[in-house]
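Breakdown of the fold
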Amino acid sequence: MMYGMSWLVNLCDRIGPLDTMAIITSAICHDLDHPGYNNAYQVNARTELALRYNDISPLENHHCAVAFEILEKPSCNIFKNVTSEQFKRIRESMIRCILATDMARHNEILNKFKGLTSTFDFSNKDHKDTLMMILIKVSDISNEARPMDVSEPWLDCLLQEFFNQSDVEKLEGLPVAPFMDRDKVTKPSSQTGFIRFVLLPLFEALGTLLPEVDSPIIQPVRQALQYYTDMGKALEEENRKRAEREKEKAQQNKVSPKQNGVLTEENGIKENGVPEKKREGINKVTKHGRNISPTKTQKVK
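Residues numbered from 1 in each chain as written. Predicted model: local features only at pLDDT ≥ 70, side-chain atom pairs only at ≥ 80, totals over all residues. Heavy atoms only, no water.

All right, on to the overall build of the protein then. The number of helices and strands found in the protein is 13 helices and zero strands. For the protein, the N- to C-terminal ordering of α and β elements is α-α-α-α-α-α-α-α-α-α-α-α-α. Across the 301 residues of the protein, 37% fall into the buried class. Intrachain contacts of the protein at a sequence separation of at least 6 include 60% that bridge at least 24 residues. Accessible surface for the protein amounts to roughly 18300 Å². Of this, 54% is attributable to carbon and sulfur atoms. (Helix = DSSP H or I, 4+ residues; strand = E, 2+ residues; numbered from the N terminus. Buried < 20%, exposed > 50% of the residue type's maximum accessible area, 1.4 Å probe, protein only. Contact = heavy atoms within 4.5 Å. Areas by Shrake-Rupley, 256 points an atom, 1.4 Å probe, with all protein chains shown as cover.)

Following both chains from N to C, one finds helix 3 (residues 17–29) and helix 7 (residues 84–99) inclined at 45 degrees, their axes separated by 9 Å at the closest point. One finds that helix 3 runs oblique with respect to helix 7. In this structure, helix 3 meets helix 7 at a crossing whose hand is right-handed. Here L18, D19, M21, A22, I23, T25, S26 and C29 of helix 3 come into contact with helix 7, specifically with Q86, R89, I90, S93, M94, C97 and I98. Among the residues making up the contact of helix 3 with helix 7, the classes are represented as nine nonpolar, four polar and two charged. (Axes fitted to C-alpha atoms, helices over the stretch in contact; angles between N-to-C directions. Parallel < 35°, antiparallel > 145°, perpendicular 65-115°, else oblique. Left-handed = near helix turned anticlockwise from the far one by under 90°. Nonpolar A, V, L, I, M, F, W, Y, C, P; charged D, E, K, R; others polar.)

You can see G4 is positioned in helix 1 (residues 2–8). G4 sits 135 residues away from S139 along the chain, and the two C-alpha atoms are 9.8 Å apart.

Moving on, we come to helix 11 (residues 187–209). For the α-helix, the turn length of 3.6 residues means that residues three or four positions removed from each other point alike. Its 23 residues give helix 11 an end-to-end C-alpha distance of 32 Å, which sits within 8% of 33 Å, the value for a rise of 1.5 Å per residue. The largest bend in helix 11 is about 45 degrees, located at I195. (Expected span 1.5 Å × (residues − 1). Bend = angle between axes of the 7 residues up to and from the residue.)

Turning our eyes to something else, we now look at the nonpolar core. Core analysis: the biggest nonpolar cluster contains 45 residues, and L131, I134, L135, I195, F203, L206 and L210 have the highest contact counts within it. When contributions to this core are tallied by element, the ones reaching two or more residues are helix 1, helix 2 (11–15), helix 8 (106–116), helix 9 (125–140), helix 10 (148–172), helix 11 and helix 12 (214–252). When neighbours within four sequence positions are excluded, I134 is seen to be in contact with I109, L110, F113, L202 and L206. Counting residues in hydrophobic clusters, the runner-up holds 10 residues, among them A22, C64, A67 and I90. (Core = buried A, V, L, I, M, F, W, Y, C linked by side-chain atoms within 4.5 Å.)

This next bit is on helix 12. In this model, helix 12 (39 residues) spans 55 Å end to end at C-alpha, consistent with the 57 Å of a helix rising 1.5 Å per residue. Every buried residue of helix 12 is accounted for by I217, I218, P220, V221, A224, L225, Y228, T229 and G232. On its buried face, helix 12 sits against helix 1, helix 10 and helix 11.

Next up on the list: the environment of V82. On the secondary structure map, V82 appears in the loop between helix 6 (58–71) and helix 7. Among the residues examined, V82 registers a relative accessible area of 21% and is labelled partly exposed. For the pair V82 and L18, spaced 64 residues apart in sequence, the C-alpha to C-alpha distance is 9.6 Å. Contacts of V82, omitting those with residues within four sequence positions, involve M21, F87 and I90.

Right, let's talk about the pattern of salt bridges for a bit. Counting across every chain of the model gives 23 salt bridges. Of the charged contacts in the structure, one is a salt bridge between K125 and E92, with a shortest N-O distance of 3.0 Å. One end of the pair, K125, is in helix 9; the other, E92, is in helix 7, and 33 residues separate them in sequence. Relative accessible area serves as the criterion here: at 42%, K125 is assigned to the partly exposed category. Taken together, the shared-partner salt bridges connect D19, R89, E92, R96, K125, K128 and D129 into one network. (Salt bridge = Lys/Arg side-chain N within 4 Å of Asp/Glu carboxyl O.)

From the geometry alone we can't say anything about function, so treat these as descriptive.
Written out as structure tokens, the structure is:
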């Protein structure tokens, strides 16, 4: 996504080749060696990463550190021909961009960017740095901008990762985020809220500055919102129909008034499977042990 967007908005001409190289490399490296459990788990479980980075964006700090460990290897050092000053700028940009993918900082970064768009200046370093953070954030959570046959299988994988984490958190007695709890979340419920309150505000803010992204990137996200909204309505309708079927089935399976101990005009209440009036007949036994229950011609008093 980051590579495609760099061509779509002519990023190299807008922020320069060095920063373009830095942001594309950041996008490649931003999730390196991800353990499959988010920052909340790292902090709550007091993992090695949380202890190492003092609970401050432990995963993003780890991804960044691993990236530069790899880049230090001679066979992987794509920056070996840049000057020291250029490398300093690249490293600074990469650290900033990768750390910006921590969703705990989402509102902070988005609100700052919104405050700059009306007077944005591509020659202003702070403005460019903020734009780069927005660009990598858009790329990081851009799955719903892809075609549905590509994005939905990835969503299924993501939900399974969330559910796996919540299962572990329950076993370990740790707090569980509602959006990760398999007992509380569905695919449409997870996506409609995320798209409406996280994706679209972010993407549309970028579209204010770079309108080129509207048709190829923002519009598919709007369509995804409609898709999952419709899916949610269909699921609610199916659940309603299922509940009605189960209710009808339960009513059909209710015990008949003349069966299994239900009081009837004919037999009274059954006890141990014997109708009340039959018990009366059994109890009327002579001293010789003979049953003196009424015959067919006798009238029960």
